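# Coordinate analysis (summary)
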Amino acid sequence: MLSLQILANGLVLGGLYACIAAGFSLVWGVLNVINILHGSFIVLGGYLAYYAYAQFGIHPFVSILIAAPLFFALGYILQRSLINRMIAAPVLLTLSLTFGLDLMLSNGMLVAFTADFKKLTLDPPLGVLNLGGIALPVDRLFAMVLALALTGLLYLLLSRSRIGRAIVAVRMDREAAALMGVNVKRIYAVTFGLGALMAGASGPLLAMIFPISPLSGPVYLGKAFVICVLGGLGSVPGAMIGGLALGVVESFGALWFGPEHAITLSFTLLILMLLFRPTGLLGRTGYA
Amino acid sequence: MTSILPRRALAAIAMLACGAVAALPGTSMAQGTIRIGAPLPITGPLSPEAKKLQNGMNLWVETANKAGGIKVGAKKMKVEIVYVDYQSNTPRAVQATEKLITQDKVDFLFSPFGSGAAKAASSVSEKYEMPTIAATASSEQVYDQGYKYLFGVYTPNQTLTEPLADLVKKQAGGVQRVAILARNDLFPLAIAQEMEKSAKKRGMNVLYFEKYAIGTLDHASALSQIKAVAPHWIFATGYINDLILIKKQMSDLGIEAPVVTMVAGPAYKEFVSALGKSAENVTSAAWWHPAVRYTSKDVFGSTENFNKMFHAKYGTEPDYGEASSAVSGVVLQLAIEAAGTLDKKAVRDALAKMNTMTFFGPIKFGPTGQVVSLDPPVFQVQKGRQVVILPAGIKQGDLQLGVK
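How each quantity is defined
Residues numbered from 1 in each chain as written. Chains lettered and ligands numbered in written order. Predicted model: local features only at pLDDT ≥ 70, side-chain atom pairs only at ≥ 80, totals over all residues. Heavy atoms only, no water. Helix = DSSP H or I, 4+ residues; strand = E, 2+ residues; numbered from the N terminus. Rg over C-alpha atoms; globule rule 2.2 N^0.38 Å. Buried < 20%, exposed > 50% of the residue type's maximum accessible area, 1.4 Å probe, protein only. Contact = heavy atoms within 4.5 Å. Areas by Shrake-Rupley, 256 points an atom, 1.4 Å probe, with all protein chains shown as cover. Lys, Arg positive; Asp, Glu negative; His and termini not counted. Charge placed at Lys NZ, Arg CZ, Asp CG, Glu CD. Domains from an automatic or database assignment. Buried area = accessible area lost by both parts, 1.4 Å probe. Salt bridge = Lys/Arg side-chain N within 4 Å of Asp/Glu carboxyl O. Polar contact = N/O pair within 3.5 Å; in protein donor to acceptor, adjacent residues only side chain to side chain. Nonpolar A, V, L, I, M, F, W, Y, C, P; charged D, E, K, R; others polar. Patch = residues over 30% accessible without salt bridge, like charges linked within 9 Å, V, L, I, M, F, W, Y side chains within 5 Å. Pairing = 2+ DSSP bridges. Axes fitted to C-alpha atoms, helices over the stretch in contact; angles between N-to-C directions. Expected span 1.5 Å × (residues − 1). Phe/Tyr/Trp six-rings, centres within 6.5 Å; stacked < 30°, edge-to-face > 60°. Lys NZ or Arg CZ within 6 Å of the ring centre and 35° of its normal.

On to the overall build of chain B, then. Each helix and strand counted, chain B has 13 helices and 15 strands in total. Computed over its C-alpha atoms, the radius of gyration of chain B comes to 21 Å, within 12% of the 22 Å expected for a compact globule of 404 residues. Considering only C-alpha atoms, chain B reaches an extent of 65 × 55 × 40 Å along its principal axes. Counting all 404 residues of chain B, 58% fall into the buried class. In chain B, the proportion of contacts linking residues at least 24 apart, taken out of those at least 6 apart, comes to 68%. For chain B, the exposed surface amounts to about 15,200 Å²; the carbon and sulfur share of it is 55%. For chain B, the centre of its 43 positive side-chain charges and the centre of its 33 negative side-chain charges are spaced 2 Å apart.

Residue and element names in this part refer to chain B. As far as domains go, chain B holds domain 1 (31-155 + 292-364) and domain 2 (158-286 + 377-394). Averaged C-alpha coordinates put domain 1 and domain 2 at centres separated by 29 Å. With 17 residues of domain 1 at the interface, the matching set in domain 2 holds 14 residues. Of the roughly 1,400 Å² buried between domain 1 and domain 2, counting both surfaces, carbon and sulfur atoms make up 59%. In this assembly, domain 1 and domain 2 are joined by three salt bridges. Close ionic contact of Asp319 with Lys269 constitutes a salt bridge, the shortest N to O distance being 3.9 Å. Remark: the boundary between domain 1 and domain 2 carries four residue pairs in polar contact (both at pLDDT 80 or more). Mapped onto the side of domain 1 that touches domain 2, the elements with two or more residues apiece are α2 (47-66), α4 (114-127), α5 (140-143) and α12 (320-339). If one sorts the elements of the side of domain 1 that touches domain 2 by residue count, α4 sits on top with three residues. Classifying every residue of the side of domain 1 that touches domain 2 by side-chain character gives three nonpolar, seven polar and seven charged.

We now examine a positive patch on the surface. All names here are of chain A. On the surface, Arg80, Arg85, Lys185 and Arg186 cluster together to form a positively charged patch. For the positive patch, the elements supplying multiple residues, two or more each, are α3 (60-86) and α8 (184-207). Since its relative accessible area comes to 69%, Arg85 is described here as exposed.

Residues and elements named next belong to chain B. The sheet built from seven strands is open, its strands ordered β8-β7-β9-β10-β11-β14-β15 with mixed pairing. Only two strands of the sheet have a single neighbouring strand rather than two, namely β8 (205-212) and β15 (385-390). This sheet shows a mean twist of 25° between the axes of neighbouring strands, independent of strand direction. Two elements, strand β9 (residues 233-237) and strand β10 (residues 259-263), share five bridges in a ladder whose sense is parallel. Residue pairing across strands places Thr237 opposite Val263, the latter belonging to β10. Contacts between helix α8 (residues 220-228) and the sheet are confined to β7 (177-183), β8 and β9, with β7 contributing the most and set at about 170° to the helix.

A word on the side chain of Glu194(B). Within the secondary structure, Glu194(B) is located in helix α7 (residues 186-201). Contact partners of Glu194(B), with chain neighbours within four places excluded, come to Asn157(B), Gln158(B) and Thr161(B).

With that settled, the discussion passes to helix α3 (residues 90-102) of chain B. With 13 residues, α3(B) should reach 18 Å at 1.5 Å per residue; the first-to-last C-alpha distance of 19 Å fits that figure. Buried positions along α3(B) lie against β1 (33-40), β3 (75-85), β4 (108-110) and α4 of chain B.

Residue-level contacts link 46 residues of chain A with 44 residues of chain B. Interface area lost by chain A to chain B is led by Phe117(A), Pro259(A) and Glu260(A), which between them contribute 19%. Viewed at the interface, chain B and chain A are joined by three salt bridges. Across the pair Asp139(A) and Lys248(B) runs a salt bridge whose closest N-O atoms are separated by 2.5 Å.

Moving on to the packing of aromatic side chains. For the coordinates displayed, the defined rule picks out 29 aromatic pairs over all chains. Between Trp28(A) and Phe225(A), the aromatic rings sit 5.5 Å apart at their centres with planes inclined by 80°, giving edge-to-face as the arrangement. Taken together, the positions of Trp28(A) in helix α1 (residues 2-31) and Phe225(A) in helix α9 (residues 217-231) put the pair 197 residues apart, joining distant regions of the chain. Among the residues examined, Trp28(A) registers a relative accessible area of 15% and is labelled buried. With a centroid separation of 6.0 Å and an interplanar angle of 80°, the aromatic rings of Phe41(A) and Phe71(A) are classed as edge-to-face. In this pair, Phe41(A) is assigned in helix α2 (residues 38-56) and Phe71(A) in helix α3, connecting sequence segments 30 residues apart. Using a relative accessible area of 2% as the deciding quantity, one classes Phe41(A) as buried. An aromatic cluster is present here, built from Trp288(B), Phe300(B), Phe306(B), Phe310(B), Tyr314(B), Phe359(B) and Phe360(B) joined pairwise through their rings. The lysine or arginine in question, Lys52(B), covers the ring of Tyr268(B), its NZ or CZ lying 4.0 Å from the ring centre.

This is the structure we're talking about:
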């Protein structure tokens, strides 16, 4: 019984983790840009949902629909105006660029929202679903379903649509894609926009669950790194699998070795993966 | 994770650059000003705590300066606090402390936030024989190093758990099964261990005692195990973000218990506003509460007046962190005035001899430098307010059982 509850906890947590990592993985995989901004985008999405709810009573699920186009535009513009200028430079330079932008964004949020922890508390709360003695918090369950839906949509977009195929083509071979008439710069901007969209859309989900602070960005970013290595870079299903795996491993780790070792365990796993299967669980084959 | 390394390196370069710029104009000190160094976690996860400490310290500085300054022998001197950000990173707090002493040449020091960082920094301040007041360090391990220059205004941790355990034993005799979940950090772990002792001493069974790592994003596993042992009393420790998350997840998993105690978080307004109804009946203890009433000879005059001045400046009621940082200034001021000089040894001796009344309560330091004269209040969130339930002299309500 306890094991089932722990498994359920791990799966719903994993859904959130997948949500955190999907956009990050996409941008890293396709653009070869390590987007340090990703964590702060999530936090910003969280604040958007918090204030929308506190000021106007807008439900965080609705906020997702507001956040998605806004963050897509933000990401698109950022890539077009700034990051595209550096895109051919070594990865350390683009990392520095996004690191600098992240400093500006997180400190800007610090000034705008203060460092006090805020929490989006729904009134009335969504409650708890009891499945034969296994408690499943409805907000997490929703978040997991939405995370799955968002990642699923992203997957469909990449595998079915013209623009998605172009993104995958650029990911596989930039020169060849350009020769085939793909506008590489535009594809880069769209990809970065999608990554930002995923971050901004997961913000409202996470705001219902975790306290929000301008400085929680790096925590999410750290998780995103682990999940990408677990699942394989640039692969949407990989982020899903990696997220779920991390959630379940952390949950059982806490049960078996005590909660203080749950994080140690996930990083041990990370090192083992890097040593023995550096391409991640899904490898490099399944790009989209 | 290799990409984290360049990020650290970048951060270090940025720090150096900032330090170089900051050092240029900062050195012109006003004549006849007492300068106190305060390394604080102004950025990083602990920044809300630094904000509180700054609120208290700034209010004290303003009030003391408005009264003409601190009396040193025959003349009055203005006072100024030199803040340094250590980015919630304890090793950096130690460096910041050393920098304040050797480069900024401050006259006195306030400790960094919390027991862990205060202990780490105290080895530096002791080396330079620098009188240091710790506003927020309660664990005895901070004071048992045989240091002569460190003084703290929080009583030892067991002074928080003992009265609470007494009260629960007396009013809820059925409470037998105890579960403890502690943040693996100096103070949160130390107070959890005190709770374990307090519970066992009263014949209760501690069925679960686990630590969680700093930065944990999910407590569902630990809480599921706690639920499985059906405790009567759940005691969780950590800082405000941890405890908001733990309480939220307790509600998520449908965990209810007659008594739920959380340290330290429920003393803060943000805890109650973040959790709403699910904060109801959570108990906690702190070293101070705005409901205490003392009349003092310090710059504030009384607890009531301190609360009033605080409210006028910040628009809210002070909490214990804000009060303890203000009283750190008060204690230092009283010691300087008693010594009549800025001589570090003389001020240190005046601190050791101190036996006085402040708005915070009576202050007298024990042989280790930790205050021994305070009686910390126990309180409970009732109808969205923090209501004092102990000590009997100032209580505003009685212990209510049942936390959902």
